[in-house]
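Overview (structure and organization)
Here is what each chain is made of, one letter per residue.
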Amino acid sequence: MKLDYRSVPYRILQNATRIGGFLVIGLFTGSSTSAASLLGFLLIGLVLVGLWEAAEVRVYEYRLDADTFDISSGVVSRREREIPFDRIQNVDIAQNVLQRALGIAEVRLETAGGGGESEARLQYVSRQEATRLQELISKRKRGDVSERDPGANNDILFELDRRELGILGLTSANARLFGLVFGLFVIVSPVAAEQISPRLSILLFLGPAVAVAGLVLLWLASGVQAVLRYYGFRLYRHDEELRYKRGLLQQYDGTIPLSKIQTLMVRENLLARAVGYGSLSIETAGYAPGQDENVESAVPIAKLGRVFELARTIEDIGEPEFTRPPKRARLRYVARYTIVVGLLTAVAGGIHLWTDAVPFWFAVAGVWVLVPPAAHLKWKNIGYSVGEKYIISRVGFWTRRTTIVPYYRIQTVSSSQSVFQRRRDLATLTVDTATSGGFWGGDAIVPDIDSELTDQLREQSHDSFQRSIVERKSRRTRSASATRDADKSDSEQPVAPE
């Protein structure tokens, strides 16, 4: 099977920089810079790039065997790839506006350990072929080698309505950016006032004004981006995997295999949490759906109760009850933030000493009044829950992350102590899985709990992991035995005479 030839003009547009290079050559090496000569170089560039792209499309071949997805590519040097179906984690389909107009789509195959890059990208096939490949690869992963159309078998789990889409746009800003207001007020405003005119006291408000304007623009930009990205979002169960559709300008159809799920993560940024909303993300082995430009949420925004309800349809986590770290951990946070305030005060004093531009540098120390409540809020938003099948961690104030890890997905369980933790007999427990992590990380981390309890939890998690593995193997054995007995019973049925 080959790529769609309708992709050639689009691939030429993707190489506009190469074509522009011929115009540069015309400007610097041509004896005349007339419009005719520039047009000639442009045509040469179009022809050469077009021939190259047409040749790449012509020689690119792919096929589905019983066990592998095979790709043969390369104009000058040939490259052969065989991707086992059991290694394929996700099959995503992407289409932008121009691709939809041409009727083509990009198919991305993600594998475990992909490291943020797709194992293979089919650029481009028809939309019908992309959907067909998504269905067939899904079947091959289950061991079904038939070519028949499986038909519709979709159970819709979640659809994003307009109200939720609006809330997503309003709460998509990063609340940490509001810290810039204070920073610009303390540093930028006095410096600007001193440099321009010490008499213009109104310039003291320049810093916060610029910061507020910048934050508003960033808020609007992130809100518009979120609305465009998750417009028409729908999550549904399709046989043994989850599938999602989303996007207005850039549309995506993606898959999340249920058998490869490593962790579930509920995220609540400060704005969303204030109105009782959160999101649900799913990570699979070696790949967090859309690690780069396709960062995905299984549920981009919903009422928090609804988010946990959907999480329970994937993993039976029940109603977790969280235990907080000991109260002495708060003293550690007070000490940490006090050191930060001291360093900021010293920096402001140093700037004033060398430039005389921060006359009220000592006012920075007044920020310390925020240290006790900040330490309490950090402590309040840390917790853990240990159940029969799962270990759950919760950390973060600006963005609170609740990470759910099934015991049978655990890779390693480790505990660590910093110098400061040892002074207060505290430790951090880290439950590592086979996810690639990414910016937010896929591991369950429980910081600043009692060091003796950390050792107990580490041993308990390890024992639960061993027990869950034995139980899953036993279930698979019984299931395989039942299937064989059913097949044997069917084959022994007497055939009715014609």
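Conventions we followed
Residues numbered from 1 in each chain as written. Predicted model: local features only at pLDDT ≥ 70, side-chain atom pairs only at ≥ 80, totals over all residues. Heavy atoms only, no water. Helix = DSSP H or I, 4+ residues; strand = E, 2+ residues; numbered from the N terminus. Buried < 20%, exposed > 50% of the residue type's maximum accessible area, 1.4 Å probe, protein only. Contact = heavy atoms within 4.5 Å. Areas by Shrake-Rupley, 256 points an atom, 1.4 Å probe, with all protein chains shown as cover. Pairing = 2+ DSSP bridges. Axes fitted to C-alpha atoms, helices over the stretch in contact; angles between N-to-C directions. Arc of directions from axis to C-beta. Patch = residues over 30% accessible without salt bridge, like charges linked within 9 Å, V, L, I, M, F, W, Y side chains within 5 Å. Salt bridge = Lys/Arg side-chain N within 4 Å of Asp/Glu carboxyl O. Phe/Tyr/Trp six-rings, centres within 6.5 Å; stacked < 30°, edge-to-face > 60°. Lys NZ or Arg CZ within 6 Å of the ring centre and 35° of its normal. pLDDT = per-residue confidence, 0-100.

Re the overall build of the protein chain
Helix and strand counts for the protein chain come out as 14 helices and 19 strands. Residues classed as buried in the protein chain amount to 42% of the 498 residues present. Partitioning the contacts of the protein chain with sequence separation of at least 6, the portion at a separation of at least 24 is 60%. When the accessible area of the protein chain is evaluated, it comes to approximately 26,300 Å², of which 60% is carbon and sulfur surface.

A word on the sheet that holds strand β2 (residues 68-73)
With respect to topology, three strands assemble into an open sheet ordered β1-β2-β3, the strand pairing being antiparallel. Taken across any chain shown, the strands that pair with only one partner, and hence form the sheet edges, are β1 (61-64) and β3 (79-84). If you compare each strand with its neighbour and ignore which way they point, the axes differ by 15 degrees on average. Bridge count for β1 against β2 is four bridges, and the pairing is antiparallel. The partner of Leu64 across the bridge, within β2, is Phe69. The strands that helix α5 (residues 127-141) touches are β1 and β2; relative to β1, the one it contacts most, it runs at about 40 degrees.

Re helix α12 (residues 371-380)
Those residues of α12 not exposed but buried are Val371, Ala375 and Trp379. Projected down its long axis, α12 shows its buried positions confined to an angular sector of 70 degrees, all on one face. Taken together, the buried residues of α12 touch α11 (328-355).

Let's talk about a nonpolar patch on the surface
A grouping of Ile44, Val47, Leu48 and Leu51 is seen on the molecular surface, where their side chains present a nonpolar patch of about 370 Å² in accessible area. Structurally, the position occupied by Leu51 is in helix α3 (residues 35-59).

Overview of the packing of aromatic side chains
Overall, the coordinates contain six aromatic pairs when judged by the stated rule. With 6.0 Å between their ring centres and 75 degrees between their planes, Trp361 and Phe362 make a pair best called edge-to-face. Linked through ring pairs, Phe158, Tyr230 and Phe233 together constitute an aromatic cluster. Residue placement shows Arg246 over the ring face of Tyr230; its charged tip is 5.7 Å from the ring centre.

Overview of the pattern of salt bridges
This structure, assessed with the given rule, holds 20 salt bridges. Put simply, Glu61 and Lys2 hold a salt bridge, and the shortest N to O gap is 3.1 Å. With Glu61 in strand β1 and Lys2 in the segment before α1 (7-14), this residue pair connects regions lying 59 residues apart in the sequence. By relative accessible area, which is 39% here, Lys2 ends up partly exposed. Close ionic contact of Arg458 with Glu459 constitutes a salt bridge, the shortest N to O distance being 3.9 Å. For Arg458, a relative accessible area of 22% corresponds to the partly exposed category. Residues participating in the shared-partner salt-bridge network are Arg11, Glu53 and Glu56.

Quick word on the confidence of the model for the protein chain
Residues at a pLDDT of 70 or more form 75% of the protein chain, whose mean pLDDT is 81. Looking at the elements of the protein chain, mean pLDDT is at its lowest for helix α7 (residues 179-196), recorded as 56, and at its highest for α12, recorded as 95. Counted against residues more than four places away or in other chains, residues 288-295, with its pLDDT under 50, gives 28 contacts.

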